[in-house]
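Structural overview
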Amino acid sequence: MPRHPRKPRRLVVDGRTYLWTLRHDHCVRESGRSADCRETLTLFPQPSGVGGPLRIVFAEGPDRYVPGGFPMGSGDVGFVRGGSLNLHEPGAVRALLDAACARGWRPGERRAVEVDGWTLLEAAATARAGDARDAADAGDADPAGRVGP
């Protein structure tokens, strides 16, 4: 049975649990055309009330892509000539969380924090590429942490 797309997913990092969601949204102009696409990845420290949510926002802009689906995959974000991630992958979410923490975000902060995802993307994409190399070298796990043949 497939997972419901609006149901938060669970991520455990260093003994701390987070629920996370991904939303694609945009504004609709008077002409009826959509514009200003953005992907918002939100992490909620658990249990509820121990810290405010972290919102990592990827807004469309020059030399960036935030397609929201066909012909590219849902959740794909990236620089036209640079790093990219699929925000549906737990490993990508973990890499962005690590990058946000390295830049000063603390899960125990009580207020909601919004971060421009583009400032974290290269560090997270580099970490994901390193995870893929490590998994290939080990031959027994993929970057998302699943055990393989």
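Residues numbered from 1 in each chain as written. Predicted model: local features only at pLDDT ≥ 70, side-chain atom pairs only at ≥ 80, totals over all residues. Heavy atoms only, no water.

1. Quick notes on the overall build of the protein chain
Quick reminder of the rule: Here a helix means four or more residues in a row that DSSP labels H or I, a strand means two or more in a row labelled E, and each is numbered from the N terminus. Accessible area is worked out with a 1.4 Å probe on protein chains only. A residue is then buried under 20% of its type maximum, exposed over 50%, and partly exposed in between. Here a residue-residue contact requires only that any non-hydrogen atoms of the pair lie within 4.5 Å. Per-residue and other accessible areas follow the Shrake-Rupley method at a 1.4 Å probe size, with only the shown protein chains counted as cover for residues.
Helices and strands together make up the secondary structure of the protein chain, namely two helices and eight strands. Counting from the amino terminus, helix and strand elements in the protein chain follow one another as β-β-β-β-β-β-β-α-β-α. Relative to its 149 residues, the protein chain shows a buried fraction of 36%. For the protein chain, restricting intrachain contacts to residue pairs at least 6 apart in sequence, the fraction spanning at least 24 positions comes to 49%. Working note: accessible area of the protein chain is about 8,900 Å², and carbon and sulfur atoms make up 51% of it.

2. Structural notes on the sheet that holds strand β5 (residues 64-65)
Rule in force here: Should DSSP find at least two bridges between two strands, the strands are taken to pair.
Read from one edge to the other, the open sheet built from three strands follows the order β5-β6-β7, with strand pairing classed as antiparallel. The outermost strands of the open sheet, each flanked by one partner alone, are β5 and β7 (84-86). Looking at chain direction, β5 and strand β6 (residues 76-79) are connected through two bridges and run antiparallel. The residue of β6 that forms the bridge with Arg-64 is Phe-79.

3. Some remarks on the environment of Arg-94
Mapped onto the elements of the fold, Arg-94 is located in helix α1 (residues 90-102). Judged by its relative accessible area of 31%, Arg-94 is partly exposed. With residues up to four places along the chain from it excluded, the contact list for Arg-94 reads Leu-11, Val-13 and Asp-14.

4. Looking at the confidence of the model for the protein chain
Stated formally: Per residue, pLDDT measures the predictor's confidence, with a range of 0 to 100.
Looking at the protein chain, pLDDT values average 84 and 74% of them are 70 or higher. Below a pLDDT of 50 lies the segment residues 145-149, which in the model reaches seven contacts outside its immediate sequence neighbourhood of four places, other chains included.

5. Quick look at the pattern of salt bridges
Heads up, the rule is: Criterion for a salt bridge: a side-chain nitrogen of Lys or Arg within 4 Å of a carboxyl oxygen of Asp or Glu.
Per the counting criterion, the structure on display carries four salt bridges. Asp-98 is the salt-bridge partner of Arg-94, the closest N and O atoms lying 3.0 Å from each other. Note that Arg-94 and Asp-98 are positioned in helix α1 at a spacing of four residues, about one turn of the helix. Its salt-bridge partner being Glu-109, residue Arg-111 comes within 3.6 Å of it at the nearest N-O pair.

6. Things to note about unusual backbone geometry
Trans peptide bonds make up the majority, and among non-glycine residues the majority have a negative phi. With omega at 0 degrees, the peptide bond leading from Gln-46 into Pro-47 counts as cis. Structurally, Pro-47 can be placed in the loop between β3 (34-45) and β4 (54-59). Its identity as a non-glycine residue notwithstanding, Asp-14 has a phi of 50 degrees, on the positive side. Here Asp-14 is to be found in the loop between β1 (9-13) and β2 (16-28). By relative accessible area, Asp-14 is classed as exposed at 75%. If you check the backbone angles, Asp-63 has positive phi at about 65 degrees while not being a glycine.

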